[in-house]
Structures are given as C-alpha cells and as structure tokens.
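Letter by letter, the chains look like this.
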Amino acid sequence: MRPSELYSEDLVFAHEAEAETGVPQAVIRQWARRGKIQRFPGDGRLTGNGHEYKTMYALPEIRAQAASYKPTPQRAPKRAA
C-alpha cells in the first residue's frame, strides 16, 4: 500500500491498532521491523506518563495481516501433579 492511498484516519498508534484488531502491540512492531507493514512518524502526542507516541501504523495493512494472524502459546502447559 502506498502512503498516497492512506487517509489521515487510517494512521493509528500501536495501542489503538491493538484495541481495533486484537493483535498485540509487540506483534505489530515486529511486523513493521520485518517490513510486512509500514511505519510512519507520529504526531508527538503525550501519553500522560512522561512519554510520547512516536510511531504510527497503517490500520488497513494491520487488518490485512491480522486476517492470517494466529496467536501461539509461548509456554508449555504445566502437568497436573
């Protein structure tokens, strides 16, 4: 998807994309690092706890990737004693 095809409301922060799609923020950042989705500079809004949101992502791209996303457990279940 080219940046010229996006509207301003299509750009969201990671926490907003997580609320919209259910994909964890860490997974969204990993997709951006691997080049599956694009990242854009944020507008510098403050989070309220001394930090600012710095990176925005294209929500249509996240929705497209989320269609094939399947969460995998990270730990083996514990045996019953």
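Above this note sits the structure.
Looking at this structure, how should I read the side chain of Glu61?
In this structure, Glu61 sits in helix α3 (residues 59-66). With no salt bridge to any partner, buried Glu61 finds its closest opposite charge in Arg39, at an N-O distance of 10 Å. A distance of 2.8 Å separates a polar side-chain atom of Glu61 from the backbone nitrogen of Gln38.

So what exactly am I meant to see when it comes to a positive patch on the surface here?
On the surface, Arg29, Arg33, Arg34, Lys36 and Arg39 cluster together into a positively charged patch. Looking at which element gives the most residues to the positive patch, the answer is helix α2 (residues 25-34), with 3 residues. With respect to the secondary-structure elements, Arg39 resides in strand β2 (residues 39-41). The partly exposed category is assigned to Arg39, whose relative accessible area is 47%.

Looking at this model, I keep getting lost on α3. Mind explaining?
Side chains of residues three or four places apart in an α-helix project in the same direction, reflecting 3.6 residues per turn. Restricting attention to buried positions, one finds in α3 the residues Leu59, Glu61, Ile62 and Ala66. Taken down its axis, α3 places every buried residue within 160 degrees of arc, on the same side.

Help me out: how do you make sense of the packing of aromatic side chains in this one?
Two numbers describe a pair of aromatic rings. These are the distance of the centres and the angle of the planes. If you walk through the whole model with that rule in mind, you get 1 aromatic pair. Taking 6.0 Å as the distance between ring centres and 80 degrees as the angle between the ring planes, the aromatic pair formed by Trp31 and Tyr69 counts as edge-to-face. On the criterion of sequence distance, the pair formed by Trp31 in helix α2 and Tyr69 in the segment after α3 is long-range, its members being 38 residues apart. Judged by relative accessible area, which is 8%, Trp31 ranks as buried.

Help me understand the pattern of salt bridges, please; the structure alone is not making it clear to me.
Opposite charge on two side chains permits pairing when their charged atoms draw close. With the rule as written, the count across this model stands at 1 salt bridge. Arg63 serves as the salt-bridge partner of Glu20, at 2.9 Å between the closest nitrogen and oxygen. Taken together, the residues Glu20 in helix α1 (residues 14-21) and Arg63 in helix α3 connect sequence positions 43 residues apart. A relative accessible area of 42% places Arg63 in the partly exposed class.

Looking at this structure, how should I read the sheet that holds strand β1 (residues 11-13)?
Pairing between the strands of a sheet is mediated by backbone hydrogen bonds and can be parallel or antiparallel. The 3 strands are arranged β1-β3-β2 in an open sheet whose pairing can be described as antiparallel. Bordering the open sheet on either side are β1 and β2, each of which pairs with just one other strand. If you compare each strand with its neighbour and ignore which way they point, the axes differ by 45 degrees on average. Bridge count for β1 against strand β3 (residues 55-58) is 3 bridges, and the pairing is antiparallel. The residue of β3 that forms the bridge with Phe13 is Met56. α1 contacts β1 and β3 of the sheet and is inclined by roughly 100 degrees relative to β1. Running over the sheet, α3 touches β1 and β3 and is turned about 60 degrees from β3.

Calculation notes
Residues numbered from 1 in each chain as written. Predicted model: local features only at pLDDT ≥ 70, side-chain atom pairs only at ≥ 80, totals over all residues. Heavy atoms only, no water. Helix = DSSP H or I, 4+ residues; strand = E, 2+ residues; numbered from the N terminus. Buried < 20%, exposed > 50% of the residue type's maximum accessible area, 1.4 Å probe, protein only. Lys, Arg positive; Asp, Glu negative; His and termini not counted. Salt bridge = Lys/Arg side-chain N within 4 Å of Asp/Glu carboxyl O. Polar contact = N/O pair within 3.5 Å; in protein donor to acceptor, adjacent residues only side chain to side chain. Patch = residues over 30% accessible without salt bridge, like charges linked within 9 Å, V, L, I, M, F, W, Y side chains within 5 Å. Areas by Shrake-Rupley, 256 points an atom, 1.4 Å probe, with all protein chains shown as cover. Charge placed at Lys NZ, Arg CZ, Asp CG, Glu CD. Arc of directions from axis to C-beta. Phe/Tyr/Trp six-rings, centres within 6.5 Å; stacked < 30°, edge-to-face > 60°. Pairing = 2+ DSSP bridges. Axes fitted to C-alpha atoms, helices over the stretch in contact; angles between N-to-C directions. Contact = heavy atoms within 4.5 Å.

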